[in-house]
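Notes for the structure review
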Amino acid sequence: MKKINQVYHALIDAYGKQGWWPVTDKGEVFPEYKKRKAFSEKQMLEVCIGAILTQNTSWTNVEKAIMQLNKNKLINVNKLAKIDQSKLAQLIRSSGYFNQKAERLILFAKYLLNNYSGSINKFFNKPLQNLRQELLSMHGIGPETADSIILYAAKKPVFVIDAYTKRIFSRLGFCEKDISYHELQKMFHERLDCDFKLFNEFHALIVKHAKQYCKKKPECNNCPLNSKCQKTYKHKNLLNKHDYT
Ligand code: SF4
């Protein structure tokens, strides 16, 4: 496998489109993966909330928290900005670190309210780098959370890096295990077309693949990238590092 986009094609052939980011449709309370033309403002806010809640926990735990927020009609900037922090913490308990995350959600909502009259559309209607800098200046929002919000809620092209991306691409031979967030992100940006749909789908496929086969203890036998992977090639003593660009 010579090109990073060949990994993308192999993954999409194996798993198909993932329909990220899962959001809740009108009248429902549970977020679902589904192909949608556009997100409503509430759904964009839900993605931001989900990106904060998913820090250090699984999506299954986040879904339960989002369901509670939906049941209590709290996917709403005005309501979130005013809610009692301990009450919110109890509602999002399933997502772990619930006191910290409640504080972060309230601060995020207050920021939108104070600076953009509560309009997430106004907030997203600015150049990508300015939006990123602003998100990174907020309490408790690091590069992965900021980039998830930019890609999946604002639909602007930035590649999201996470532990799964580092694990898979180091095993495939594209980088070292301890590569920094920004170095690995730069590699994707330099080698892929700048297309938010591609970045959206690719990251979702990486997560799928890390959960399905490229786990901490990889299940290489049936992996769709098996024949192209450095780890298995190394094992078979067939690796030619220069095949990887
Ligand atoms: S062959 Fe194994 S190490 Fe390589 S990508 Fe597949 S599961 Fe991961």
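All figures in this text were calculated on a predicted structure; none of them were measured in a lab.

Here the focus is the state of the cysteines. Evaluated as defined, the whole model comprises zero disulfides. Distance from the sulfur of Cys-48, which forms no disulfide, to the nearest cysteine sulfur (Cys-194) is 20 Å. Its sulfur unpaired, Cys-175 is 11 Å from the next cysteine sulfur, which belongs to Cys-214.

Taken N-terminus to C-terminus, the directions of helix α2 (residues 41-53) and helix α6 (residues 98-116) make an angle of 145°; their axes are 10 Å apart at the nearest point. Here the hand of the crossing between α2 and α6 comes out right-handed. Residues Leu-45, Cys-48, Ile-49, Ile-52 and Leu-53 of α2 form the contact with α6, whose participating residues are Lys-101, Arg-104, Leu-105, Phe-108 and Leu-112. Within the contact of α2 with α6, the residues separate by chemical class into eight nonpolar, no polar and two charged.

Moving on, we get to the domain arrangement of the chain. The domain boundaries assigned to the chain delineate domain 1 (4-18 + 159-243) and domain 2 (41-153). Here the C-alpha centre of domain 2 lies 28 Å away from the C-alpha centre of domain 1. In this assembly, 12 residues from domain 1 lie in contact with seven residues from domain 2. Roughly 760 Å² is buried in total at the junction of domain 1 and domain 2, and carbon and sulfur atoms are behind 61% of that figure. For domain 1, the biggest contributors to the area lost against domain 2 are Val-160, Tyr-181 and Asn-200; these three give 50% of the whole.

Another aspect to go through is α6. Compared with the 27 Å implied by 1.5 Å per residue over 19 residues, the 26 Å span of α6 between its first and last C-alpha is a close match. For α6, the set of buried residues is Phe-98, Lys-101, Ala-102, Arg-104, Leu-105, Ile-106, Phe-108, Ala-109, Leu-112 and Tyr-116. Contacts made by the buried residues of α6 are with α2, α4 (77-82), α5 (85-91), α7 (120-124) and α8 (128-136). Directly after α6, the chain includes Ser-117, whose backbone phi takes a positive value near 50°.

Further remarks concern unusual backbone geometry. Following Trp-20, the chain continues to Trp-21 via a peptide bond in cis, the omega torsion being -5°. Mapped onto the elements, Trp-21 comes out in the loop between α1 (4-15) and α2. Here Asn-56, not a glycine, exhibits a phi torsion of approximately 60°, which is positive. Mapped onto the fold, Asn-56 is located in the loop between α2 and α3 (59-71). One non-glycine residue, Lys-73, lies in positive phi territory at about 50°. For Lys-73, a relative accessible area of 59% translates into the label exposed.

Moving on, we get to the nonpolar core. Among the nonpolar cores identified, the biggest contains 85 residues, and Phe-108, Phe-124, Leu-135, Phe-169, Phe-188 and Phe-202 are the most heavily contacted of them. Sequence-distant contacts of Phe-108, that is, excluding residues within four places in its chain, are made with Leu-45, Cys-48, Ile-52, Phe-123, Leu-135, Met-138 and Ile-141.

It is worth spelling out the packing of aromatic side chains at this point. A complete count under the given rule lists 18 aromatic pairs for this structure. Seen in terms of ring centroids, Trp-20 and Tyr-33 are 6.5 Å apart; in terms of plane orientation they differ by 40°. Their pairing is tilted. Residue Trp-20 is found in the loop between α1 and α2, and its partner Tyr-33 is found in the loop between α1 and α2; the two are separated by 13 residues along the sequence. Ring-pair connections join several aromatic residues into one group, and the members of that group are Tyr-8, Phe-159, Phe-169, Phe-174, Phe-188, Phe-199 and Phe-202. Taking NZ or CZ as reference, Lys-155 lies 4.1 Å from the ring centre of Phe-39, over its face.

About the cut-offs
Residues numbered from 1 in each chain as written. Predicted model: local features only at pLDDT ≥ 70, side-chain atom pairs only at ≥ 80, totals over all residues. Heavy atoms only, no water. Disulfide = S-S within 2.5 Å. Axes fitted to C-alpha atoms, helices over the stretch in contact; angles between N-to-C directions. Helix = DSSP H or I, 4+ residues; strand = E, 2+ residues; numbered from the N terminus. Left-handed = near helix turned anticlockwise from the far one by under 90°. Contact = heavy atoms within 4.5 Å. Nonpolar A, V, L, I, M, F, W, Y, C, P; charged D, E, K, R; others polar. Domains from an automatic or database assignment. Buried area = accessible area lost by both parts, 1.4 Å probe. Expected span 1.5 Å × (residues − 1). Buried < 20%, exposed > 50% of the residue type's maximum accessible area, 1.4 Å probe, protein only. Core = buried A, V, L, I, M, F, W, Y, C linked by side-chain atoms within 4.5 Å. Phe/Tyr/Trp six-rings, centres within 6.5 Å; stacked < 30°, edge-to-face > 60°. Lys NZ or Arg CZ within 6 Å of the ring centre and 35° of its normal.

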